[in-house]
Amino acid sequence: MKQRIITAVIAAAIFIPIVMIGKLPFLLVIYLLASIGLYELMKMKKMRVFSFEAILSHVLLWILLLPNEYSTFLTENNYDKVQIFLIGVLVLLLYTVLSKNMFTFDDAGFLVIAILYLGIGFYYFFETRDNESLGLVYILLTLFTIWATDSGAYFIGKAIGKRKLWPEISPNKTVEGFFGGVVSALVVGVLFYVFSSLDYSIWQLLLISLIIAIFGQLGDLVQSAYKRHYGVKDSGKILPGHGGILDRLDSLIFILPILHLLHVL
């Protein structure tokens, strides 16, 4: 726990000022985090991280991450990000033939899902922050709600948790912890209603907090599912006491696209 707290304090001291600055510095950090995330996923599957497929996958990820304001060179040449991505998928499939199945159809499918998972999640991370008037408040609302959910689920689960939530995926999570996380998230919603500049009713903020709490924990279970499938404890080792980038941002990159697709943010 001591190591986790030290790492969290140092990471927050570096990360939060960059989030507050936003714009290009924040976009560069998004690119870095997403690239590390893809590296972690490839390492979990024991894929070559210095290879043609790795280079192509990173290029496709970087294209998906491009904000609209930075992708004019694509539109000027009558392409959009989706078309480039689809071309990349066809190249990955073609490479299964050229590599004589050293790079397999399963590998190609894994990379396509990985690129979409990270590309969509981190794209909406930047898009949320890029809202000039409320972007920072949206990010803080999401982050504080996720942190409250995680903390509530952990401490309440440790204190009174008895019924396993999903033992085949994450044996330590409990039903009591799940609802403890939800209650903690709702408290954050109330605090943002009282102290923030968001023009939402109390019921709207409670609904947003509820969505974040539920789908954030589901996003964490998605991370647990593929870690268990590939037989690893953590996605990486870059954050001592926490694991990898995906271990810390799994809920965030899962929930932000949902909030946007539901037109909540």
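Because the structure is a prediction, the values reported are computed rather than measured. (Residues numbered from 1 in each chain as written. Predicted model: local features only at pLDDT ≥ 70, side-chain atom pairs only at ≥ 80, totals over all residues. Heavy atoms only, no water.)

Asks: Explanation requested: the pattern of salt bridges in the structure shown.
Replies: The final tally for this structure, using the stated rule, is seven salt bridges. With its nearest N and O atoms 2.9 Å apart, the salt bridge here joins D107 to K45. In this pair, D107 is assigned in helix 6 (residues 105–129) and K45 in the loop between helix 2 (23–44) and helix 3 (52–65), connecting sequence segments 62 residues apart. For D107, a relative accessible area of 12% translates into the label buried. Where D220 meets K173, a salt bridge forms, and the shortest distance between an N and an O atom there is 2.6 Å. (Salt bridge = Lys/Arg side-chain N within 4 Å of Asp/Glu carboxyl O. Helix = DSSP H or I, 4+ residues; strand = E, 2+ residues; numbered from the N terminus. Buried < 20%, exposed > 50% of the residue type's maximum accessible area, 1.4 Å probe, protein only.)

Asks: I tried to follow helix 1 (residues 2–21) on my own but got confused; where do I start?
Replies: The terminal C-alpha atoms of helix 1 lie 29 Å apart, and with 20 residues this matches the ideal 28 Å at 1.5 Å per residue to within 8%. A maximum bend of about 30 degrees is found in helix 1 at A12. Buried residues of helix 1: T7, F15 and V19, and no others. (Expected span 1.5 Å × (residues − 1). Bend = angle between axes of the 7 residues up to and from the residue.)

Asks: How should helix 9 (residues 202–230) be read in this particular structure?
Replies: Side chains three or four residues apart in an α-helix point the same way, a direct result of the helix having 3.6 residues per turn. Taking 1.5 Å per residue, 29 residues should reach 42 Å; helix 9 reaches 42 Å between its end C-alpha atoms and fits that length. Among the residues trailing helix 9, G231 stands out with phi positive, at a value near 70 degrees.

Asks: Explain the packing of helix 6 against helix 7 (residues 135–160) to me, please; I cannot follow it from the model alone.
Replies: When two helices pack together, their arrangement is captured by the angle between the axes and the distance separating the axes. Two elements in contact, helix 6 and helix 7, have axes separated by 7 Å at closest approach and are oriented at 130 degrees. Comparing their axes, helix 7 and helix 6 come out oblique. Of the residues in helix 7, those touching helix 6 at F125, T128 and R129 are G135, L136, Y138 and I139. Of the residues assigned to the contact of helix 6 with helix 7, the class counts are four nonpolar, two polar and one charged. (Axes fitted to C-alpha atoms, helices over the stretch in contact; angles between N-to-C directions. Parallel < 35°, antiparallel > 145°, perpendicular 65-115°, else oblique. Contact = heavy atoms within 4.5 Å. Nonpolar A, V, L, I, M, F, W, Y, C, P; charged D, E, K, R; others polar.)

Asks: Which parts of the structure should I look at to understand a nonpolar patch on the surface?
Replies: Taken together, the side chains of V183, V187, V190, L191, Y193, V194 and F195 define a hydrophobic patch exposed on the protein surface, amounting to about 680 Å² of accessible area. In this structure, V187 sits in helix 8 (residues 175–195). Residue class for V187 comes out partly exposed when judged on its relative accessible area of 46%. (Patch = residues over 30% accessible without salt bridge, like charges linked within 9 Å, V, L, I, M, F, W, Y side chains within 5 Å. Areas by Shrake-Rupley, 256 points an atom, 1.4 Å probe, with all protein chains shown as cover.)

Asks: Would you explain the pairing of strand 2 (residues 170–174) in this entry?
Replies: For a regular strand, side chains alternate in direction, first toward one face of the sheet and then toward the other. Pairing analysis gives two bridges linking strand 1 (residues 164–166) to strand 2, with the strands arranged antiparallel. Bridging across to strand 2, W166 finds its partner in S170. As consecutive antiparallel partners, strand 1 and strand 2 are separated by three residues. (Pairing = 2+ DSSP bridges.)

It is worth stressing that arrangement in space is one thing and function is another; only the former is reported here.
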